[in-house]
Amino acid sequence: MPEEQDVELEARLEDQERFAPPESFVSQANVSDPSVYETFEEEWPECWEQAADLLDWNESYDEVLDDSNPPFYEWFTGGELNASANCLDRHLDERGDEAAIEWVGEPTDEENRTYTYEELHREVNEFAAALREMGVGEDDIVTLYMPMVPELPIAMLACARIGAPHSVVFAGFSADALATRMNAADSEYLVTCDGYYRRGDPLEHKAKADEGLAGVEHEVSDVVVVDRLGDDYDHPMGENHTAYADLVEEQAGAEVDPVSRDAEDMLFLMYTSGTTGEPKGVKHTTGGYLSWSAWTSRAVLDIKPDDTYFCSADIGWITGHSYIVYGPLALGTTTMMYEGTPDYPEKDRLWEIVEEYEATQLYTAPTAIRAFMKWGSEYPDQHDLSSLRLLGTVGEPINPKAWKWYYKHIGDESCPIIDTWWQTETGGMMVTTLPGVKDMKPGSAGPPLPGVDAQIVNAQGDEVEPGEAGYLTVQKPWPGMLRTLYNNDERYIDEYWAEYSDTDSDDPDDWVYFPEDGAKIDEDGYITVLGRVDDVLNVSGHRLGTMEIESAIVGVEGVAEAAVVGGDHEMKGEAVYAYVITEDGYGEDEEMRDRIVEGVEDAIGPIARPEQVVFTPELPKTRSGKIMRRLLEDVANGEDLGDTSTLRNPEVVREIETKVADD
Ligand code: ATP
Ligand code: MG
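Residues numbered from 1 in each chain as written. Chains lettered and ligands numbered in written order. Predicted model: local features only at pLDDT ≥ 70, side-chain atom pairs only at ≥ 80, totals over all residues. Heavy atoms only, no water.

As named in an unreviewed UniProt entry, the protein chain is Acetate--CoA ligase, taken from Halorussus limi.

This is the structure:
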């Protein structure tokens, strides 16, 4: 239970809706001139030369944007560059001895690994040489099915060096998911790992990789295996399987000239996280993507070469691609990698790492922040977190209560928080405050970044009034955007453009990108993301965002996390069903239930009153940590559960089902 003084402070924070960035931050920020919004608008699309200028080009580009064939936009056309050279070679002279990657394994008794830029450069070259010798050529897709080991970013950069696009498959995904992705990409090469540590135990990964390989329909010519577990796992090796360490040793000292890639050449393929259904193979390019991740890393994450920047995401997701690997390394900073979970061996592991490495930024997800909040502030309180200068969040809407907890208990009220809205498809951040320029409003991501034309529209595509719920759209292309869905231009148009575009037109003004998120905007142009379009409820003719109701519930004292879905209702059309996790030390009783109902009525109105409140120890989450509301909706409606295989915790849905039936 919080102490009295704490309660007072919370009350003060609870009422505060606007937070100015601390002066100490603004005075050192990479971007602090408010005129950037205006100049970018006036100079669009040439404004994006600023992003391209953060990179070294072998051949300078002819045109910033070629929009002659929408929605197949091309950026920095005619330009040539190499991503690996931009992330490594160009830093060697000045920063060769500085740490590029600080890697922390999960076991606490294991020595952490530091790769200086020189060391990273050396190993990337050696592995690039090995790949080449194996026969990997330019444009061959290499699948990387690996956990958070340093060999993952090394393999990514080695692929980039020889112009072979990588397709990283998150290690937590099933054998089936691996096979599907290798088949879809026609990928003939796999780099994988014997296993990794999870909550103190070695987790065998190689057998799963082999099972996946059995499902690949074409011939796989080579499989490379990183040995992470040593004696803890005597992993099986197939005929065309080679140990990573042997390959690198064979190529000791080898140097591979970085291949000069066209700006529009594919850098990688990445499948979306699968929250809403069938994963999509998103294609990102070398020039546009790399300049976007570098520019946003600089402007939003405020990354400087001397920082020790810590993003706790997995590299298997786009967040890790853009903001552990490509963005930070392009800027020549030190980027951290942590193998394990934040609660092993204790619930203060992340804070221990932040303290030990004096991390300057922390970028994480609402699901993690809500877990920290549930565990309690005593864990961060045990550590000196004063090295932190900026905090970030991505992946889901963050409730104001969780935002304020993060702000107070991790940031000590002296770090700006960036709530960054973006997607696998956008390549990098799109809507968020520039931390050195804009005030923050908890619960709202903020205005679109300079040069990003995001608008909230109604079903007809017309801009809505401030305060009204509508759909988030992006009206102009941007360099980091996906170029297509792999081998499927038609689905690319269907999924992202058809809704609001005149698809017969070749005028770019007639093309609008639709991310399928609901949102609203306020008088200051701040955007609040309300959740997936499919998640918006319709109660007695009123459209309610899941995020608004969930925030109201989480605002109730003792509630840590909530998910709201619409259940069929005879009278109302849909009724609000709430699934609630309480903070440690609070009861799950009638009194709590009443306070929750009251909290929603006070914050939104009787219309949003939950029909049913179900307490649960966990919510069904995707492997990337997003709440899977689709399944909770099936539970509410007593329907058969659809596919639960992409869940991190499939057992929890059954548990909830039983509870609902008992209620
Ligand atoms: P799939 O597209 O396969 O269903 P996914 O959409 O979960 O999977 P991602 O690209 O990882 O895959 O997630 C992007 C989505 O995450 C956004 O469309 C949005 O719904 C949500 N999101 C990300 N950041 C934020 C944020 N800061 N605020 C609100 N929502 C966010
Ligand atoms: Mg999506």
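A word on the sheet that holds strand E11 (residues 222-226)
The seven strands are arranged E12-E11-E8-E6-E7-E14-E15 in an open sheet whose pairing can be described as mixed. Two strands in the sheet have a free side with no partner beyond their single neighbour: strand E12 (241-243) and strand E15 (281-285). On average, adjacent strands in this sheet sit at an angle of 20 degrees to one another, irrespective of strand direction. Note that strand E8 (residues 189-193) and E11 share five bridges and pair parallel. Across the sheet, the residue bridging to threonine 192 is valine 225, located in E11. Contacts from helix H12 (residues 286-299) reach strand E14 (266-271) and E15, with the element oriented near 85 degrees to E15. (Pairing = 2+ DSSP bridges. Helix = DSSP H or I, 4+ residues; strand = E, 2+ residues; numbered from the N terminus. Axes fitted to C-alpha atoms, helices over the stretch in contact; angles between N-to-C directions. Contact = heavy atoms within 4.5 Å.)

Thoughts on the UniProt feature "domain: Acetyl-coenzyme A synthetase N-terminal" (unreviewed entry) in the protein chain
Residues annotated by UniProt as "domain: Acetyl-coenzyme A synthetase N-terminal" (unreviewed entry) correspond here to residues 36-87. Secondary structure content for residues 36-87 is 31% helix and 19% strand, while the C-alpha to C-alpha distance between its ends is 26 Å. (UniProt positions renumbered as here; feature names shortened; annotations may be inferred.)

What about the packing of helix H15 (residues 366-375) against helix H17 (residues 400-410)?
As a packed pair, H15 and H17 sit with axes 10 Å apart at the nearest point and diverge in direction by 70 degrees. The orientation of H15 relative to H17 falls into the category roughly perpendicular. Along the contact surface, H15 presents Ile369, Arg370, Phe372 and Met373, while H17 presents Lys401, Ala402, Trp405 and Tyr406. Of the residues belonging to the contact of H15 with H17, the class tally is six nonpolar, no polar and two charged. (Parallel < 35°, antiparallel > 145°, perpendicular 65-115°, else oblique. Nonpolar A, V, L, I, M, F, W, Y, C, P; charged D, E, K, R; others polar.)

Considerations on the environment of glutamate 98
In this structure, glutamate 98 sits in the loop between helix H6 (92-95) and strand E4 (99-104). Distance from glutamate 98 to serine 551, taken between C-alpha atoms, is 43 Å for residues 453 residues apart in sequence. In this view, glutamate 98 contacts Tyr115, Thr116 and Tyr117; residues no more than four positions away in its chain are not counted.

Let's talk about the sheet that holds strand E17 (residues 334-338)
Pairing is mixed across the open sheet formed by seven strands, whose spatial order is E5-E4-E17-E16-E18-E19-E20. In this open sheet, the two edge strands, each paired with only one partner strand, are strand E5 (113-116) and strand E20 (417-420). Shown here is a sheet whose adjacent strand axes are inclined to one another by a mean of 20 degrees, direction ignored. Summarising the sheet, E4 and E5 pair through four bridges and their orientation is antiparallel. If you follow isoleucine 101 over to E5, its bridge partner there is tyrosine 115.

A few points about empty space enclosed by the protein
Taken as a whole and judged by the stated rule, the model has one cavity of 30 Å³ or more. Of the voids in this model, the largest cavity is the one considered here, and its volume is about 50 Å³. What lines the largest cavity is Ala83, Cys159, Ala160, Gly163, Ala164, Pro165, Arg261, Met266, Leu267 and Thr286. Among the secondary structure elements, those contributing two or more residues to the lining of the largest cavity are helix H8 (151-162) and E14. Residue composition of the lining of the largest cavity, by class: seven nonpolar, two polar and one charged. (1 Å grid on protein atoms, 1.4 Å probe; cavity = no way out; pocket = protein on both sides within 12 Å on 5 of 7 lines; lining within 4 Å. Points joined across faces, edges and corners; volume = space filled by probe spheres on them.)

Let's talk about the pairing of E14
The element E14 is extensively covered by neighbouring structure, given that six of its six residues are classed as buried. In this structure, strand E7 (residues 166-168) lies alongside E14, joined through two bridges in parallel fashion. Considered in E14, the bridge of histidine 166 is made with phenylalanine 268. (Buried < 20%, exposed > 50% of the residue type's maximum accessible area, 1.4 Å probe, protein only.)

So, unusual backbone geometry
Cis peptide bonds are those with omega within 30 degrees of zero, and the linkage from tryptophan 44 to proline 45 qualifies with 0 degrees. Topologically, proline 45 is positioned in the loop between helix H3 (36-42) and helix H4 (49-52). The omega angle of the peptide bond from proline 70 to proline 71 is 0 degrees, so this bond is cis rather than trans. Note that proline 71 resides in the loop between strand E1 (63-66) and strand E2 (74-77). One non-glycine residue, phenylalanine 76, lies in positive phi territory at about 55 degrees. Relative to the assigned elements, phenylalanine 76 resides in strand E2.

Considerations on the packing of aromatic side chains
Evaluated as defined, the whole model comprises 34 aromatic pairs. Ring plane angle 45 degrees and centroid distance 6.1 Å describe the contact between tyrosine 73 and tryptophan 497, whose orientation is recorded as tilted. Of the two residues, tyrosine 73 sits in the loop between E1 and E2 while tryptophan 497 sits in the loop between helix H18 (489-496) and strand E23 (517-521), which places them 424 residues apart along the sequence. Looking at tyrosine 73, the relative accessible area reads 2%, which means it is buried. (Phe/Tyr/Trp six-rings, centres within 6.5 Å; stacked < 30°, edge-to-face > 60°.)

Concerning helix H22 (residues 651-662)
In a regular helix each residue adds 1.5 Å, so 12 residues correspond to 16 Å; H22 covers 17 Å between its end C-alpha atoms and thus fits that length. The elements touched by buried residues of H22 are strand E28 (573-582), strand E29 (610-615) and helix H21 (629-636). (Expected span 1.5 Å × (residues − 1).)

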